[in-house]
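Below are the chains, spelled out letter by letter.
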Amino acid sequence: MTVSSTSTTFVDRHIGARRQADIDIMLKSVGYDSVDSLVDTAVPNDIRQDVALTLQNALSEVEVLAELRKLAAKNKTAVQMIGQGYYDTVTPPVIRRNILESPAWYTAYTPYQPEISQGRLEALLNFQTMVQDLVGLPIANASLLDEATAVAEAVLMMRRANKNKTAHDGKTVLDADCLPQTIAIVKGRAEALGFEVEIADLSAGLPEGEINGIVLQQPGVSGRVFDHSAVIAAAKERGALVTVAADLLALTLITPPGEQGADIAVGSTQRFGVPLFFGGPHAAYMAVQKGLERSMPGRLVGVSKDDAGTPAYRLALQTREQHIRREKATSNICTAQALLAIVSSMYAVYHGPDGLKAIAETAHHHARTLAASLKAAGLEVLHGSFFDTVTVRVPGKAAGIVAAAEAKGINLRGIDADTVGVSVDETTTTAVVADVVAAFGATVSGDGEGFALEAAVERSSDYLQHPVFNTHRSETQLLRYIRKLSDRDLALDRTMIPLGSCTMKLNATAEMEAISWPEFASIHPFAPDSQTVGWRELIEDLEADLTEITGYDQVSIQPNAGSQGELAGLLAIRGYHHSRGEAQRNVCLIPASAHGTNAASAVLAGMKVVVVATAADGTIDHADLQAKIDANKDVLSAIMITYPSTHGVYDADVREICDSVHAAGGQVYVDGANLNALVGLAQPGKFGGDVSHLNLHKTFCIPHGGGGPGVGPVAAKAHLAPFMPGDANKAAHEDGYGVAISASRYGSAGVLPISWAYVKLMGGEGLTEATKSALLAANYIASRLNEYFPVLYTGEGGLVAHECILDLRELTAKTGVTAEDVAKRLIDYGFHAPTLAFPVAGTLMVEPTESEDLGEIDRFIEAMITIRKEIDQVAHGDFAVENSPLRHAPHTAAAVVSSDWNREYSREQAVFPVHHLKQDKYFPPVGRIDGAAGDRNLVCSCPPIEAFEN
Ligand SMILES: *Cc1c(COP(=O)(O)O)cnc(C)c1O
């Protein structure tokens, strides 16, 4: 055997087990003599792609960064004053470097395991508290995908929650001064669900007819601030619910919607320190009145207690969510914008109430100076009351003024031939104001006295009084606060996160670097095309690469998450059936084992869900499938299958399934969340799929961010291309595409350089090797653990795909030790739990990915085997399950050093069950959390500090 040279390629760094010696150990355990023979057995022959991926050859990190520099150089930064929902902001460097660019934050998973997520849960609770205070409503969630889709969620929520008999079925009315992208998104959703939307000038009062709910915007897209109290009162009088889309910075000066009687407030938190990112990712917020929390979409952080009575955070009211309620869920949103919500909350922690108010007052002052100067020059300023946005009537001259500003490096909003909008923000200086005034042919004069806010809308109430927003004033304090929170958590920078279906793989630093470069991060989504050449080239290139990888004909990266890709794909199917005069096709077949988002998305696409049973071996029950197809022949719209299935196996007869659905006139949706088991080996676009979504935050290395951002591209065959997501800022179908799915044309563009870089760094061969390595790692774990925890489903040759389900049910029946106990006990071993109870209750689903090295995989296996011995101790009666280290897991430092230790196992077994933990010990800050207690007594804002003192 030759000694191999030092690894030099990125592929060697991305794939964890690359040494032949390691590969041999794993192969031996699985019983194969080569990776290819294992892969050839596992992946059914009739779906294997026969040609290698034709992608550009792999580049090194240095080369990729050089290419990204070239693309960045093709973008042009400018002073961004377009507004329309997106405003420039300063990301405080301490937050940029230590959160946005810190793997301790960005590589974390969604906080479903609260004991290892207390840091990010606290940051998200700060976010909720910040939103509640600023909008004047008692309950806020922990982020939604973008402002326009948040309004759509609010509209759907009003339609669910309005209990007034006549108003319930009434229309939804949006104020004409709402953001145009919001109006487009709401109309698109309404069309699929069949309810009426009317756009009206609500400052002139309510339209006739029954009204389910209204949506106002404060300030409006025109910048106008008007007192909503009368129209809100009138709406309530008529039984309608009220949503206000509001700008949080403006609310530091303006009466909050909650104080004016609104039921729901929504909006974007982008301008709280999150870069423009060419349109996203940004966290949206939603806050509601008491009584609406159970029908609210999205995740909600609440306060509960751990087993020692210590206050502890966890996700509350999860029973609302799609992974439990499926087609009856409050929303299909799963991955949201956690990382961006955390950045925004820290921006409020950094500035505090006075700092935020000062930023708002300065922006307001500049806007008033601008308006006064233009008015003094004889121009018509459209609204007398505004916060940061001034709209000016300049008959016939708008284009010239916008061009004059652009020549000075300033982007204004050309609304139409006669109207120009200017939005001031945190970064606006006196010099910029002077340049803008000059572009209108005027000079700065006066101090804007004539444009004060009306007294009726001036805010008098306090906000952000909690100590967290008033303590961390020095950078040292804030740095330590950020560090303290991240130290409470387990993220990928400390341990393997073997979550089945979630594909927690390496997020390489070289992939991450470009996202905060100003030439990518500081670009407004509505900047002129001439300034975004590099961005669009990168996006087109990534879409082309994903097209090649999936075997489809077209890809749109617009959807902000997998769930949104599902909705986009299903709406494409719907559009296709309608275009063929088959509007009656509205039944969507979904296997019982599907991810909860599938059913929730189908409902949002106006479809009726029919569940297909699972056979004993985990595959789709063919007889049941055929029966459901026959029963729904004339109304069959689609089937949604996941491939490989959520059971972690390649069903051998997927082509047959696709054929029978096609034969009945249905379309095949392949949920591509498991694409990490397919890249380079098989293509959903070639084995029967008509449309798929991918998860770039799984397969293509965008980090999970503690629950977002994500990107859920939709990929489709040519016949569905005309129904792919259109641009929310173009009239529907004007661009030749279907309804828009996200507020901005390129969705969460800001994180696309990550996936772009990943594909370039790996090349076609590297990507294929990654897939094979993921299969090897999963099969190695399955083969090693099967005798301790039986692997529930296997395919050809007894092999699994890229993940395996460990069945605890028999052990649970025998000993009382549950899969949850094992998940919590793994924390004591320093590991994040595998996926718990999905897709089968009482099981754990393990997905190692290709990025874990053999040492880490072996540590995980050792932990699981040691835990199995502890379960045997329960079985043998060494201790009862209630007194076992399993049930008491995880163990805090406080619990084990307590002088009244009286457990039936030793302290050493509690915290050092395996030797190497003595060097590297993670102590969770809290013990096992009682979620139910927190749901009974819902607290979802920052508790008083005293709560933690004892
Ligand atoms: C993760 C996942 C989804 C949903 O993706 P999000 O980005 O969280 O919305 C859908 N289906 C499957 C099988 C998944 O694993």
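Within every chain, residues take consecutive numbers counted from 1 along the sequence as written. Restriction of local features to residues with pLDDT of at least 70 applies here, the model being predicted, together with a cutoff of 80 or more for giving and counting side-chain atom pairs; totals for whole chains, interfaces and linings are based on all residues. Processing note: side-chain calculations cover all non-hydrogen atoms of the structure and skip hydrogens and water entirely.

Asks: What should I look at first to understand the site of the ligand in this one?
Replies: Nearness of a residue to a molecule or strand requires only that one of the residue's heavy atoms be within 4 Å of it. With respect to spatial proximity, 14 residues lie near the ligand, and among them Thr-335, Ser-501, Asp-671, His-697 and Lys-698 are the closest. Two N or O atoms count as a polar contact when they lie within 3.5 Å, although within protein this holds only if one can serve as hydrogen donor and the other as acceptor, and sequence-adjacent residues are included solely when both atoms are side-chain atoms. His-697 is positioned such that a nitrogen or oxygen atom in its side chain is 2.7 Å from an oxygen atom of the ligand. About the coverage of the ligand: the protein hides 98% of its 380 Å² of free accessible area. Ranked by residues supplied to the shell around the ligand, first place goes to helix 21 (residues 562-579) with three residues. Gly is put with the polar residues, along with every residue not named as nonpolar or charged; the nonpolar set is Ala, Val, Leu, Ile, Met, Phe, Trp, Tyr, Cys and Pro, and the charged set is Asp, Glu, Lys and Arg. A class-by-class count of the residues in the shell around the ligand yields three nonpolar, eight polar and three charged. Each accessible area is a Shrake-Rupley result for a 1.4 Å probe, and residues are judged covered by the shown protein chains and nothing else. What counts as a helix is a DSSP run of H or I of at least four residues, what counts as a strand is a run of E of at least two, and both are numbered from the N terminus.

Asks: How do you make sense of the side chain of Asp-177 when you look at a structure like this?
Replies: With respect to the helices, strands and loops of the structure, Asp-177 is situated in the loop between strand 3 (171-175) and helix 10 (180-193). Of the residues examined, Asp-177 reaches a relative accessible area of 9% and is grouped as buried. Residues are treated as being in contact if the distance between any of their heavy atoms lies within 4.5 Å. Among residues more than four places away in sequence, those in contact with Asp-177 are Gln-217, Gly-220, Val-221, Ser-222 and Arg-224. Think of it in three bands: residues with accessible area under 20% of the maximum for their type are buried, residues over 50% are exposed, and the middle band is partly exposed, with areas taken using a 1.4 Å probe on protein chains only.

Asks: For this particular structure, what's the right way to read the sheet that holds strand 10 (residues 311-315)?
Replies: Where strands meet in a sheet, backbone hydrogen bonds hold them as pairs that are either parallel or antiparallel. Reading across from one edge, 10-9-26 is the order of the three strands in this open sheet, with antiparallel pairing throughout. The open sheet has two free edges, formed respectively by strand 10 and strand 26 (929-930), since each of these has just one partner strand. Any two strands with at least two DSSP bridges between them are considered paired. Inspection of the sheet shows strand 9 (residues 301-306) paired to strand 10 by five bridges, in the antiparallel sense. Within strand 10, the residue paired with Val-301 across the bridge is Leu-315. Packing of helix 7 (residues 118-135) onto the sheet brings it into contact with strand 9, strand 10 and strand 26, and relative to strand 10 it is tilted by some 80°. Between N-to-C directions, angles cover 0 to 180 degrees, with each direction set by a line fitted to C-alpha atoms, over the stretch in contact for helices.

Asks: How should I be thinking about unusual backbone geometry in this particular structure?
Replies: Cis rather than trans, the peptide bond between Tyr-643 and Pro-644 has omega equal to -15°. Mapped onto the secondary structure, Pro-644 falls in the loop between strand 19 (636-642) and helix 24 (654-663). In this structure, Pro-890 follows Ala-889 across a cis peptide bond, with omega equal to -5°. Assignment of secondary structure puts Pro-890 in the loop between helix 28 (854-875) and helix 29 (893-897).

Asks: In this structure, what is going on with the pattern of salt bridges? I would like to understand it.
Replies: Between side chains of opposite charge, a pair can form as their charged atoms come close. Put simply, a salt bridge is a Lys or Arg side-chain nitrogen that is within 4 Å of an Asp or Glu carboxyl oxygen. Here the structure, examined in full by the defined rule, presents 39 salt bridges. When the shortest N-O distance is used, the salt bridge between Lys-74 and Glu-537 registers 2.9 Å. With Lys-74 in the loop between helix 4 (61-73) and strand 1 (79-80) and Glu-537 in helix 20 (residues 533-550), the pair connects residues that are 463 residues apart, well separated along the chain. Through salt bridges with shared partners, one network takes in Asp-175, Asp-177, Asp-201 and Arg-224.

Asks: Hey, could you run me through the packing of aromatic side chains in this one?
Replies: Two aromatic rings from Phe, Tyr or Trp, using only the six-membered ring of Trp, form a pair when their centres are within 6.5 Å; if the ring planes differ by under 30 degrees the pair is stacked, by over 60 it is edge-to-face, and anything between is tilted. Applying the stated rule across the entire model yields 14 aromatic pairs. When the centroid spacing of 6.2 Å and the interplanar angle of 15° are considered together, the rings of Trp-517 and Phe-520 count as stacked. Using a relative accessible area of 11% as the deciding quantity, one classes Trp-517 as buried. Within the aromatic cluster, the residues linked to one another by ring pairs are Phe-278, Trp-517, Phe-520, Trp-535 and Tyr-746. A ring is scored as having a charge over it whenever the NZ atom of a lysine or the CZ atom of an arginine sits within 6 Å of its centre and within 35 degrees of its normal. Its guanidinium or amino end placed over the ring of Trp-517, Arg-69 lies 3.7 Å from that ring's centre, counting from NZ or CZ. Directly above the ring of Phe-923 sits Lys-921, whose terminal nitrogen or CZ lies 5.3 Å from the centroid.

Asks: Help me out: how do you make sense of the packing of helix 4 against helix 25 (residues 752-785) in this one?
Replies: Two measures define how a pair of helices packs: the angle their axes make with one another and the distance between the axes. Between helix 4 and helix 25, the shortest axis-to-axis distance is 10 Å and the interhelical angle comes to 135°. In terms of orientation, helix 4 lies oblique with respect to helix 25. Where helix 4 crosses over helix 25, the handedness of that crossing is right-handed. On helix 25, the residues that touch Glu-61, Val-64, Glu-67, Leu-68 and Leu-71 of helix 4 are Pro-753, Trp-756, Ala-757, Lys-760 and Leu-761. Roughly parallel means an angle under 35 degrees; roughly antiparallel means over 145; roughly perpendicular covers 65 to 115; every other angle is labelled oblique. Rotating anticlockwise by less than a right angle from the far helix to the near helix defines a left-handed crossing, while the corresponding clockwise rotation defines a right-handed one.

Asks: I keep staring at the UniProt feature "domain: Glycine cleavage system P-protein N-terminal" (unreviewed entry) in the protein chain and nothing clicks. Help me out?
Replies: UniProt positions are given in the numbering used here, feature names are shortened, and annotations may be inferred rather than shown by experiment. As annotated by UniProt and renumbered to match this structure, "domain: Glycine cleavage system P-protein N-terminal" (unreviewed entry) occupies residues 12-440 and 469-726. Overall, residues 12-440 shows 40% helix and 15% strand. The separation of its end C-alpha atoms is 57 Å. Annotation note: span residues 469-726, helix share 34%, strand share 12%, distance between end C-alpha atoms 40 Å.

Asks: How should helix 27 (residues 819-828) be read in this particular structure?
Replies: Side chains of residues three or four places apart in an α-helix project in the same direction, reflecting 3.6 residues per turn. Across the 10 residues that make up helix 27, a large majority, nine, are buried. The set of residues buried in helix 27 consists of Ala-819, Asp-821, Val-822, Ala-823, Lys-824, Arg-825, Leu-826, Ile-827 and Asp-828. Buried residues along helix 27 sit in contact with helix 26 (809-815), strand 24 (835-836), strand 25 (843-846), helix 28 and helix 30 (907-911). At the C-terminal side of helix 27, Gly-830 shows a positive phi close to 85°.

Asks: Mind showing me how you'd approach the nonpolar core here?
Replies: Note that soluble globular proteins tend to have their nonpolar side chains buried in a common cluster. Each nonpolar core is a collection of buried residues, namely Ala, Val, Leu, Ile, Met, Phe, Trp, Tyr and Cys, held together in the definition by side-chain atoms within 4.5 Å. Counting 212 residues, the largest nonpolar core has Leu-68, Met-130, Ile-214, Met-346 and Phe-700 as its most contacted members. If you tally residues by element for this core, the top one is helix 25, at 18 residues. When residues no more than four places from it in sequence are discounted, the contact partners of Phe-700 are Leu-546, Ile-549, Leu-675, Val-679, Leu-694, Asn-695, Ile-754, Ser-755, Tyr-758 and Val-759. Membership of the second largest hydrophobic core comes to 70 residues, among which are Leu-241, Ala-561, Ile-590 and Val-691.

Asks: Explanation requested: the domain arrangement of the protein chain in the structure shown.
Replies: When the parts of a complex come together, some accessible area is lost, and that lost area is often used as the size of the interface. Here the limits of each domain have been adopted from an automatic or database domain assignment. Partitioning the protein chain into structural domains gives domain 1 (552-748) and domain 2 (772-936). The C-alpha-based centres of domain 1 and domain 2 are spaced at 34 Å. Of the residues lining the interface, 17 residues belong to domain 1; the matching set on domain 2 comes to 18 residues. Throughout, the accessible surface (probe 1.4 Å) given up by two parts as they are put together, summed over both, is called the buried area. The contact between domain 1 and domain 2 buries some 1300 Å² in all, and 64% of this surface belongs to carbon and sulfur atoms. The three residues of domain 1 that bury the most area against domain 2 are His-647, Gly-648 and Asn-676, which together make up 36% of that side's buried surface.

Asks: Teacher, can you tell me more about the environment of Met-504 here?
Replies: Take Met-504: it is sitting in the loop between helix 17 (475-487) and helix 18 (509-512). The exposure class of Met-504 is buried, given its relative accessible area of 3%. Put simply, Met-504 and Cys-701 are 197 residues apart on the chain and 8.2 Å apart in space, counted from C-alpha to C-alpha. Look past the residues within four positions of Met-504 in its chain and what remains in contact with it is Thr-107, Ala-108, Tyr-109, Leu-492, Ile-497, Leu-499, His-704 and Thr-849.

Asks: I would appreciate a short explanation of the pairing of strand 20 (residues 667-671) in the present structure.
Replies: Side-chain positions along a regular strand alternate between the two faces of the sheet. Among the five residues that make up strand 20, five are buried, leaving the element largely enclosed by the rest of the structure. Where strand 19 and strand 20 come together, five bridges link them in parallel fashion. Bridge assignment links Ile-639 to a residue of strand 20, and that residue is Val-668. Read as a crossover between parallel neighbours, the route from strand 19 over helix 24 to strand 20 is right-handed. Across three bridges, strand 20 lies against strand 21 (residues 691-693) in parallel orientation. Residue pairing in the sheet places Asp-671 in a bridge with His-693 of strand 21. With the strands pointing away from the viewer, any crossover whose connection runs clockwise from the first strand over the helix to the second is right-handed.

Asks: For this particular structure, what's the right way to read the sheet that holds strand 11 (residues 380-381)?
Replies: The four strands are arranged 11-12-15-14 in an open sheet whose pairing can be described as antiparallel. Across the chains shown, the open sheet's two edge strands, defined by having one partner strand only, are strand 11 and strand 14 (413-416). Of the strand pairs in this sheet, strand 12 (residues 389-393) and strand 15 (residues 419-423) are connected by five bridges, and their pairing is antiparallel. Within strand 15, the residue paired with Arg-393 across the bridge is Thr-419.

Asks: Can you help me understand empty space enclosed by the protein in this one?
Replies: Where empty space is left becomes clear once a probe the size of a water molecule has been rolled over the atoms. Residues are said to line a cavity or pocket when one of their atoms sits within 4 Å of a point; the points come from a 1 Å grid over protein atoms alone, cavities being sets where a 1.4 Å probe fits but cannot get out and pockets being open sets with protein on both sides within 12 Å along at least five of seven lines. Grid points are joined across faces, edges and corners, and a volume is the space filled by probe spheres set on the points. One pass over the full model with this rule turns up 10 cavities of 30 Å³ or more. Estimated volume of the largest cavity: approximately 230 Å³. As for the largest cavity, its lining consists of 21 residues, and the residues nearest its centre are Gly-85, Tyr-87, Glu-147, Gln-217 and Asp-247. For the lining of the largest cavity, the elements supplying multiple residues, two or more each, are strand 5 (211-218) and strand 6 (241-246). Broken down by class, the residue content of the lining of the largest cavity amounts to six nonpolar, 11 polar and four charged.

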